Amino acid sequence: MEPEPEPRSGTSRDHSPARGLTGQREELSEAVVLRGIFKLGKKSHDVLLTKTSVNWTHITPEHPTGDVTPGPSGQLLLRDVFAVKVKRRRCVGQQSGGAVLGLALFWAQRHGPRLTEETLHLHNASTEHTQLWYTAIKDQLRELGGRPSSLKVLINPSSHRKEAVHVYRQHVAPLFKMAAVQTDITVTEKEGHALSLMKECRLQQYDGVVVVGGDGSVAELCHGLVLRAQLDTGSALETPSGVNLPLGIIPAGSTDVVSCSVHGVRDPVTAALHIVLGRVVRVDMCSFWTLGRLVRFGFCSMFGFGGRSLARAEKRRWMPSRQRRDYAVVKTLARLRAEDCEVSYVEAPTSSPEHLTHLSPLSHRTQDSDLDSRHTDEEAESWTTNQGLYLNITVTSIPGLSPDTPRGLAPNTSLSNGSAALVAVGNTSRTQFVKHLKRLGAPSGQLDFPFVYARAVTAVKIRPRAVIGSEEESEEEPVQSESSAFPIVQSESGSDSAVQSQKGTFPWNIDGELFHLKHEVLVRVHPRLMCLFGQEVEQAESSASCGCI
């Protein structure tokens, strides 16, 4: 490469407003930290460094008439830069030293929700000039703050196709090394290993935790971090303290719903770039209780079809993940059954028809002062109760984005609006239910069915009517509605051994993990409880819909 002819004279510490720039450069009003000459490609440019950006303009010769024709200009925001390196010319096998060639700025470029690694090359053969700029850019990046320097990394080697270790080494580790992030790596050995590590690990020495795995690994880490925060602060589980240590999610599972909800795409590079850039978002979480005992802290739960299909899939662990899911969906559709249950909820203050569609009760009673013993609010909660047959009930505090549901399981739900979406699919024909499942992958109208009811809520109770009868808690006959008196999908009289591994229990799908619960389940929303590396996204990258339905 031809050396720059005047490297030293081209550098100055200029604290006057930038001049002679076009487009965005004309609007530059902050003080200039450094000004110098670099080559971008084969052409010389006037380069300015401010506290927030690197700006450049092509240097063009003056016209004989004295006019100056402005050349092309550009700008790179420092908030998108995650590393800066000094470029050197080295011989084969040379590990250090070498002639200075200039600087390389590594930054993240956005293509929709996806982030890709890009490089800006600033060529200058002067060692003094290059080192001055290198130090100044490093100082400005350091002043941005919020970027991790030390991470605890947990890798689940069994996730999906057992590719988690390869995904980390191939796509994530090089970016962490380039950004000078120190890592402490643990490969988990069994289920629950990550949870025990969160209880014992000295988390104060890290700037974040990273999990490489699927939704099951993410759910275990989130649950563990919330429990650890309560131990550290001494808070009660009923009113948990927020987790301030951010969690980074490198997708390596079969669905990666949580990762898609904060990244918009199942891409390990995008996830790693969010981590090294320190982009953090607060996320609502739910707590799941039964008989006054905590079951799990999590994001999304499904009762009915979602729980039964997961139970069937778990019995086919030897199948490939996609084939296993397709089998479970088809089998559950073939034996579709509605669950007779009682659903009570506390409507969120922000709930409106524009936020989620209307939840029409099959039969209801409103209790204006029904106080839960575990709730510490001074104000009474107003519970609305619905009784009837439901094919599926979803409670989720996040949109639930995935390649199969690019708009999410609950469209118009954000990550931190302080509420969860209650989506109840009432009893209907198998054909109509399949149409509803297919519509989840559509760009709009996911909930536009007369049998689909939705509400923004802060608390939900789901109690199967069989539980009510067995506990003899009500002396009155259950209220009969038109739907429950004449079910469209008949309930099976016999026990379904595929989904009832324990007698008298009901399968629940909580963040992709199977729980067999017998009694009423209480779900409470905890606003902004979790801290994740990522950002709010409206839509995920879509893929071909499931061919099995």
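Whatever comes next refers back to the structure up there.
These numbers were taken from a predicted model, which means no experiment stands behind them.

A. Representation of the overall build of the protein. From N to C terminus, the protein includes 11 helices and 22 strands. Taken across its 549 residues, the protein has 53% of its residues classed as buried. Entry remark: accessible area of the protein is about 25,300 Å², with carbon and sulfur atoms responsible for 48%.

B. How the structure looks around unusual backbone geometry. Positive phi values are uncommon outside glycine, yet Ala-180 reaches one of about 60°. Relative accessible area serves as the criterion here: at 47%, Ala-180 is assigned to the partly exposed category. We note that Leu-291 has phi near 55°; this positive angle belongs to a residue other than glycine. Within the secondary structure, Leu-291 sits in the loop between β12 (280-290) and β13 (293-298).

C. Up close: the pairing of strand β22 (residues 521-533). The buried count for β22 comes to 11 of 13 residues, which makes it a mostly enclosed element. Bridge count between β12 and β22: 9 bridges; the pairing is antiparallel. Its bridge partner lying in β22, Val-280 is registered against Phe-533.

D. Structural view of helix α9 (residues 430-439). Among all positions in α9, only Phe-433, Val-434, His-436 and Leu-437 are buried. Down the axis, α9 shows its buried residues gathered within 155° of arc, on one side only. Buried residues in α9 make contact with α7 (305-314), α8 (321-334), β17 (383-396), β18 (420-426) and β19 (452-464).

E. Focus on the packing of aromatic side chains. Summed over the entire model, instances satisfying the criterion amount to 7 aromatic pairs. Centre to centre, the rings of Phe-303 and Trp-508 are 5.1 Å apart; their planes meet at 40°, and the pair counts as tilted. With Phe-303 in strand β14 (residues 300-304) and Trp-508 in strand β20 (residues 506-510), this residue pair connects regions lying 205 residues apart in the sequence. When its relative accessible area of 3% is taken as the criterion, Phe-303 is described as buried. Seen in terms of ring centroids, Phe-449 and Phe-451 are 5.2 Å apart; in terms of plane orientation they differ by 35°. Their pairing is tilted.

F. Layout of the nonpolar core. If you look at the biggest cluster of nonpolar residues, it comprises 32 residues, and the most contacted ones within it are Val-209, Leu-247, Met-530 and Leu-532. Listed by contribution, the elements that provide at least two residues to this core are α3 (193-200), β10 (209-213), α4 (215-233), β11 (247-251), α5 (257-263), β12 and β22. Ranked by the residues each element gives to this core, the list is headed by α4, at 7 residues. Once residues within four sequence positions are removed from consideration, Val-209 is found in contact with Lys-152, Leu-154, Met-198, Leu-203, Leu-221, Leu-225, Leu-245, Pro-246, Leu-247 and Gly-248. Core analysis: the next-biggest nonpolar cluster, separate from the first, contains 29 residues, Ile-155, Val-167, Leu-273 and Leu-277 among them.

G. Summary view of helix α2 (residues 164-178). A rise of 1.5 Å per residue sets the reference length of α2, with its 15 residues, at 21 Å; its end C-alpha atoms lie 20 Å apart and thus fit the reference within 8%. Of all the bends in α2, the largest measures some 45° and sits at Val-172, one to four residues before the proline Pro-174. Burial in α2 covers these residues: Ala-164, Val-167, Tyr-168, Val-172, Leu-175, Phe-176 and Met-178. Count one or two residues on from α2 and you reach Ala-180, which has phi positive near 60°.

H. Fine view of the side chain of Asp-80. Relative to the assigned elements, Asp-80 resides in the loop between β4 (73-77) and β5 (81-89). At a separation of 2.7 Å, a polar atom in the side chain of Asp-80 contacts the side chain of Arg-279. Setting aside anything within four residues of it in sequence, one finds Asp-80 in contact with Phe-106, Trp-107, Ala-108, Arg-147, Leu-277 and Arg-279.

I. Region of the structure containing the side chain of Arg-228. The topology assignment puts Arg-228 in helix α4. According to the relative accessible area criterion, Arg-228 is buried, its value standing at 12%. Among the polar contacts made by the side chain of Arg-228, one reaches the main-chain carbonyl oxygen of Cys-201 at a distance of 2.6 Å.

J. Spatial organisation of the state of the cysteines. Overall, the coordinates contain 0 disulfides when judged by the stated rule. Of all cysteine sulfurs, the one in Cys-300 lies closest to Cys-286, which takes part in no disulfide; the gap is 8.6 Å.

K. Examining the packing of α3 against α4 more closely. The interhelical angle for the contact between α3 and α4, taken along N-to-C directions, is 25°, at an axis separation of 9 Å. Compared by their axis directions, α3 and α4 come out roughly parallel. Once α3 is placed against α4, the crossing between them reads as right-handed. Side by side, α3 and α4 meet where His-193, Ala-194, Leu-195, Met-198, Lys-199 and Glu-200 of the first sit next to Glu-220, Leu-221, His-223, Gly-224, Leu-225, Leu-227 and Arg-228 of the second. For the contact of α3 with α4, a count of residues per class yields 6 nonpolar, 3 polar and 4 charged.

L. The arrangement of the environment of Glu-536 in detail. Along the chain, the position of Glu-536 falls in the segment after β22. In the structure, Glu-536 is positioned 120 residues away from Ser-416 in sequence and 8.9 Å away in space, judged by C-alpha atoms. Of the polar contacts made by the side chain of Glu-536, one reaches the backbone nitrogen of Leu-415; its length is 3.2 Å.

M. A look at the environment of Met-319. If you trace the backbone, Met-319 turns up in the loop between α7 and α8. Not counting residues up to four positions away in its chain, the partners in contact with Met-319 are Arg-324 and Tyr-327.

Conventions and cut-offs
- Residues numbered from 1 in each chain as written.
- Predicted model: local features only at pLDDT ≥ 70, side-chain atom pairs only at ≥ 80, totals over all residues.
- Heavy atoms only, no water.
- Helix = DSSP H or I, 4+ residues; strand = E, 2+ residues; numbered from the N terminus.
- Buried < 20%, exposed > 50% of the residue type's maximum accessible area, 1.4 Å probe, protein only.
- Areas by Shrake-Rupley, 256 points an atom, 1.4 Å probe, with all protein chains shown as cover.
- Pairing = 2+ DSSP bridges.
- Arc of directions from axis to C-beta.
- Contact = heavy atoms within 4.5 Å.
- Phe/Tyr/Trp six-rings, centres within 6.5 Å; stacked < 30°, edge-to-face > 60°.
- Core = buried A, V, L, I, M, F, W, Y, C linked by side-chain atoms within 4.5 Å.
- Expected span 1.5 Å × (residues − 1).
- Bend = angle between axes of the 7 residues up to and from the residue.
- Polar contact = N/O pair within 3.5 Å; in protein donor to acceptor, adjacent residues only side chain to side chain.
- Disulfide = S-S within 2.5 Å.
- Axes fitted to C-alpha atoms, helices over the stretch in contact; angles between N-to-C directions.
- Parallel < 35°, antiparallel > 145°, perpendicular 65-115°, else oblique.
- Left-handed = near helix turned anticlockwise from the far one by under 90°.
- Nonpolar A, V, L, I, M, F, W, Y, C, P; charged D, E, K, R; others polar.

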